[in-house]
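Notes for the structure review
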Amino acid sequence: MRNQYQERSTVIRIIFLTVGIIFIVRLAFMQVFDSEYRRQADRQALRPITQFPARGLIYDRNGELLVYNEAVYDLMVIPRMTKGLDTNMFCRVMGITRDEFDARMRKACKYSTYSASPFMKQVSKEEYGSWENSLYKFRGFYVQQRTLRVYDKPIAAHVLGYVGEVDQSEIDADKFYKQGDYIGKSGLEKSYEEVLRGIKGKRIMQVDVHNREIGSYMNGAYDTMAVEGGNLYTTLDASLQEYAEGLMANKRGCIVAIEPSTGEVLAMVSAPGYDPNLLVGRVRGENYQMLLQDISRPLLNRALIEHYPPGSIFKVAQAVTALQLGVITPNSGFVCDKSLVGCHNHPSARSVQEAIKMSCNPYFYQVYRRVIQQGKYKSIYKDSPYGLTVWRDYMLRFGFGQKMGIDLPASGITPGFIPDTAFYNKRYGRERWAFSTIYSNSIGQGEVTVVPIQMANLACIVANRGYYITPHLVRYYGPDSVRNEEFYTKHETGINKAYFDIAANGMYDVVHVAGGTARRANIPDIDICGKTGTAQNIGEDHSVFICFAPKEKPKIAVAVYVENARGGGGYWAAPIASLVIEKYIRGEVTRKDVEKMYREAAPCQKLPLTRVAKKKKK
Amino acid sequence: METKIDWVTLLLYAAILVFGWMNIYAACYDEAHTAILDLHTMHGKQLLWIGISVVIALIITHIDPHIFSSMSYLIYLVVIGLLVVVLFVGTVTKGGLSWIDFGSFKFQPSEFAKFATALALGKYMSSLDLDYRQLRTKLIAWGLILLPAGIIILQHDTGSALVFASFLLPLYREGMSPRILIVGLVAVVLFVVTLLLGKYKLILVGVLAAIALLYLFGWLNKRTRKHYIWVTAVFAACTLFIFSVDFAFEKVLQPHQRDRIYVLLGKTDEKTNSTTGYNVYQSKIAIGSGGVFGKGFLKGTITKADFVPEQETDFIFCTVGEEWGFVGSTLLILAYIGLLFRLVTLAERQYSKFSRIYGYSVASILFLHLFINIGMALGLLPVIGIPLPFFSYGGSSLMAFTILLFIFLRQDQERTNPI
């Protein structure tokens, strides 16, 4: 009786065991075979906080700080975690409207409901301080620190470039970038992006159910430190740059100043310019649109992207090339008969030096004819293509007709144009053109175009008496101050130094001797050698001047280009160049009256539909 | 003759107790309060409860075990009295009216109703002249179980009331027809399937009809009138049940109970739509993220950050799952199953019917707690807030379970000396 139904104990054991097995199997599925739980756990309890490295600083050649950073804050949101948010209170605290809130939230949700994306970007330190203490009330929101660029002097905007938010193509191209990151969009910021951006760090924080950070995950075992971006030590001379920009006020055009012996760019001005502070922070988009629509195109770096007919400055290159080819001698003389090309009134040049001094058009017409038609073939239609090919080869050695390899983004550089036989064959037909068709090139008109940096480079070549070093803007970069070695090799033109001495003498005479075309550039005690140019084009002529100084052991070479300025190269570009040289060599300009005059002058012909960009401070 | 206390049970009890306290310590771990005995913290209080429980256990093992048998009805009546008192003076905690305040400590009589009922049932069922087949016997036995359960339901503590279903197992062991268990199982299955099917419940009726017809005309060799009537009656009962499920679900169950069942059946979105769904979702995440070996003691990211509510009490298993992983969770479950098996063994070796019934009651009560608590944490059962025995935070439950277990161990010591 006592042990009746004893077999039922087995049934009860089976019930217990079955439940135990069900639990263990369930646990195995949840913990061993399914990693989704782990991912969801990490997503909600861990918050990876990207540590943004400070972007590298940019200095000028004298150690003056040109660009540095300022802290701003991005308010980040994880939409999924904002459940139960007191929207009204949130809007009040943040100072936004309900509509704004909805719009921002929609955008964030569109990116991801699980991952963080910026809700409010670039909040200033002051604004952040006003709601910093209320933030804990809003689940799903947190703050991420970022840095913005600051420019104490509003100079060199085109060279420095600007930083902007990455777009999708940039995210796709480089895994480094995430939505909302910043990247150099132009100028040095772009070309040295990999140096400047540094290495991002990551801190993993544990957050609790109220979205409060409760400490670092695993004592920071998975954290990485951010590594600051490397600095750039540029070749720019900040005071010269500022001075040159002042000279170009109210004008269109550009100035490029280079140290000939090193190729280091001392100043690069493109006018009209803009204050680089305009393209920083939340006002960037608006200002960018405004600058983009400005008909005078202030965003363009004219020194690299604009190509102009070079005008008479081109004659210097023609003179030394012809001498090297042996088609003329230093003492060749040609009559200035104005029958084939026009000229101003001056006596006929009896030598190359005189021809450069007086910038005689018929003289260089004759020179170019001898270069193009060297008599190798009987038919001028065969002879001209040969001559053109030889000539073009020399022109390329001057750096013309190809993109200058300067350390700025190649997309912002134009090659200029030196026509080849294929070009004329296409235009006129094979053997249907000869010197008489293309003679305008001799005086820098016609098909030839040159980029301002190439003009400055031409001045460097004469200053160096036959070679140039690729112009560049950065001397050293990075934490180890790596020298930019690739920019210190000589590019020889293969033309005899003696011929450049003749050209330099001619350029000296241009400024110093009666009958020279740029007497206005004359400064006592500084031997400026220069060459004027007046480039004809649609509208008023462009005023061009290239020069270097001093004549022996030159320290600086300058090219000045003033668009559509009445009066020719000698009148506008030359005196501006001389002021730049005086500023650089003496450190200050004594000719205050001249300085004032050219600063205030506005010689450029007005563009149709000119819209003046109003500057807006951020 | 007195034998030594069963050391296997004692060891398992101690192991579960220590492991449980470690997990409470982890669940409410706070860098600022790491002192082990700090009565402002949960783990500090629990340590106090453990101390008190050990004292209680020592007392129980040193008194005459026959006292429990002789005082069964008295204890039962006192507890029923307390339960009724709670209805009038109790404080409301988490929607349940089941606590009596004693200064800063609270006391939950429903926890003690379990062992009191076990004693009374054992006492009644072991009466010498009892004939279980009589209707009167059945009614009294069921009355003993349903009376405290009913009062607890009035306290809105459905979870604790549900535990009284565990007495089905000792009754079954003593000769109750297994049909009741089977009917109960079938009812649960029909209930769940009906809810899952929603408006397509006719499919279920059709399937049942097909089974009935197959049974009658296919498998059955000897077809008598009695068989026809039986099968038809069962089919009719099932159909009626199916059509009354909706009514019962809507009218009898509370909204939060419906919610919990819907969450379990996946009819609402776990993550967002309801608090219950959120809790279960967090519980599953915590356990699932533990992996094979767990994140390590005090290193849980979900439980540590308060994502799981009630994690020191009803959801304590999450901490085990997250910090100790599959290995730790499995070991804990095996420890519990081992304890239950040991209790069955002990119950079977009792010489007195009272002790055996009481032993089975202890095992069954622990089992039901285990089943519901872990089943809920794993998302297999609806959310029903009852503690994990010897493990969850809470003085009343720990003391009640300790008393429950040690009364049995004490009787086991004296098993050769029955009343």
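Residues numbered from 1 in each chain as written. Chains lettered and ligands numbered in written order. Predicted model: local features only at pLDDT ≥ 70, side-chain atom pairs only at ≥ 80, totals over all residues. Heavy atoms only, no water.

Residue and element names in this part refer to chain A. Running from N to C, helix α13 (residues 314–325) and helix α15 (residues 361–372) cross one another at 45°; their axes reach a closest spacing of 10 Å. One way to sum up the angle between α13 and α15 is to call them oblique. Here α13 and α15 pass one another in a crossing that is left-handed. Seen from α13, the contacting residues are Lys 315, Gln 318, Ala 319, Ala 322 and Leu 325; seen from α15, they are Asn 361, Phe 364, Val 367, Tyr 368 and Val 371. Class assignment for the residues of the contact of α13 with α15 results in 7 nonpolar, 2 polar and 1 charged. (Axes fitted to C-alpha atoms, helices over the stretch in contact; angles between N-to-C directions. Helix = DSSP H or I, 4+ residues; strand = E, 2+ residues; numbered from the N terminus. Parallel < 35°, antiparallel > 145°, perpendicular 65-115°, else oblique. Left-handed = near helix turned anticlockwise from the far one by under 90°. Contact = heavy atoms within 4.5 Å. Nonpolar A, V, L, I, M, F, W, Y, C, P; charged D, E, K, R; others polar.)

This paragraph deals with the domain arrangement of chain A. When the parts come together, some accessible area is lost, and that loss is often what is quoted as the size of the interface. Residue and element names in this part refer to chain A. Per the domain assignment, the segments making up chain A are domain 1 (47–70 + 143–234) and domain 2 (238–290 + 299–600). Its C-alpha centre places domain 1 at a distance of 39 Å from the equivalent point of domain 2. Contacts between the two partners involve 31 residues from domain 1, matched on the other side by 38 residues from domain 2. Approximately 2800 Å² of surface area, both sides summed, lies buried where domain 1 meets domain 2, with 61% of it carried by carbon and sulfur atoms. Contact with domain 2 buries area across many residues of domain 1, yet Arg 61, His 158 and Tyr 162 alone supply 27% of it, more than any other trio. For the pair domain 1 and domain 2, the interface holds 3 salt bridges. Across the salt bridge formed by Glu 259 and Arg 61, the nearest N and O atoms sit 3.6 Å from each other. For the pair domain 1 and domain 2, the number of links is 12 residue pairs in polar contact (both at pLDDT 80 or more). Taken together, the elements giving at least two residues each to the side of domain 1 that touches domain 2 come down to β5 (141–150), α6 (157–160), β6 (163–165), α8 (187–191) and β10 (232–234). Sort the elements by how many residues they give to the side of domain 1 that touches domain 2 and α8 lands first, with 4 residues. Of the residues contributing to the side of domain 1 that touches domain 2, the split by class is 16 nonpolar, 8 polar and 7 charged. (Domains from an automatic or database assignment. Buried area = accessible area lost by both parts, 1.4 Å probe. Salt bridge = Lys/Arg side-chain N within 4 Å of Asp/Glu carboxyl O. Polar contact = N/O pair within 3.5 Å; in protein donor to acceptor, adjacent residues only side chain to side chain.)

Another aspect to go through is empty space enclosed by the protein. All names here are of chain A. The full count for this structure, using the stated rule, is 3 cavities of 30 Å³ or more. For the largest cavity, the calculated volume is near 310 Å³. What lines the largest cavity is a set of 22 residues, among which Arg 55, Arg 146, Thr 147, Val 163 and Tyr 182 lie closest to the centre. The set of elements that each furnish at least two residues to the lining of the largest cavity consists of β5 and β6. When the residues that make up the lining of the largest cavity are grouped by side-chain class, the tally is 9 nonpolar, 5 polar and 8 charged. Each of two domains, domain 1 (47–70 + 143–234) and domain 2 (238–290 + 299–600), supplies a minimum of three residues to the lining of the largest cavity. (1 Å grid on protein atoms, 1.4 Å probe; cavity = no way out; pocket = protein on both sides within 12 Å on 5 of 7 lines; lining within 4 Å. Points joined across faces, edges and corners; volume = space filled by probe spheres on them.)

A separate point is the confidence of the model for chain B. Per-residue confidence for chain B gives a mean pLDDT of 85, with 90% of residues at or over 70. Element-level pLDDT for chain B is lowest in strand β2 (residues 96–102) of chain B, with a mean of 63, against a maximum mean of 95 in helix α14 (residues 316–348) of chain B. (pLDDT = per-residue confidence, 0-100.)

What follows is about the confidence of the model for chain A. Scored by pLDDT, chain A comes out at a mean of 88, with 97% of its residues at no less than 70. Across residues 609–618 of chain A, confidence stays below pLDDT 50; counting only partners more than four residues off in sequence or on other chains, it has 21 contacts.

Let's shift gears to the pattern of salt bridges. Residue and element names in this part refer to chain B. Here the structure, examined in full by the defined rule, presents 41 salt bridges over all chains. Its salt-bridge partner being Arg 356, residue Glu 174 comes within 2.9 Å of it at the nearest N-O pair. Placement of Glu 174 in the loop between α8 (168–173) and α9 (178–197) and of Arg 356 in helix α15 (residues 353–377) is noted, with a sequence separation of 182 residues between them. One network of salt bridges, with partners in common, ties together Asp 6, Arg 342, Arg 349, Asp 412 and Arg 415.

All names here are of chain A. With 6 of 7 residues buried, strand β4 (residues 117–123) lies mostly within the body of the structure. As paired elements, strand β3 (residues 65–77) and β4 share 4 bridges and run antiparallel to each other. Paired with Met 76 across the strands is Pro 118, a residue of β4. (Buried < 20%, exposed > 50% of the residue type's maximum accessible area, 1.4 Å probe, protein only. Pairing = 2+ DSSP bridges.)

Residues and elements named next belong to chain A. Taking strand neighbours across the sheet as the criterion, the 5 strands line up as β12-β11-β19-β18-β17 in an open arrangement whose pairing is antiparallel. Whereas interior strands pair on both sides, the edge strands pair on one side only; in this sheet they are β12 (264–271) and β17 (529–535). Taking each pair of neighbouring strands and ignoring which way they run, the sheet shows an average axis angle of 5°. Of the pairings in the sheet, the one linking strand β11 (residues 253–259) to β12 comprises 7 bridges and is antiparallel in character.

Moving on to the packing of aromatic side chains. Residue and element names in this part refer to chain A. As enumerated under the stated definition, the model contains 48 aromatic pairs over all chains in all. Look at Tyr 571 and Trp 572: their rings are 5.2 Å apart centre to centre, the planes differ by 80°, and that puts the pair in the edge-to-face class. Tyr 571 gets classed as partly exposed once you look at its relative accessible area, which sits at 30%. Look at Trp 572 and you get buried, because its relative accessible area is 10%. Among the aromatic residues, those joined into a cluster by ring pairs are Phe 314, Tyr 365, Tyr 368, Trp 391, Phe 398, Phe 400, Phe 435, Tyr 439 and Phe 500. Just above the ring of Phe 176 sits the side chain of Lys 200; from NZ or CZ to the centre is 4.9 Å. (Phe/Tyr/Trp six-rings, centres within 6.5 Å; stacked < 30°, edge-to-face > 60°. Lys NZ or Arg CZ within 6 Å of the ring centre and 35° of its normal.)

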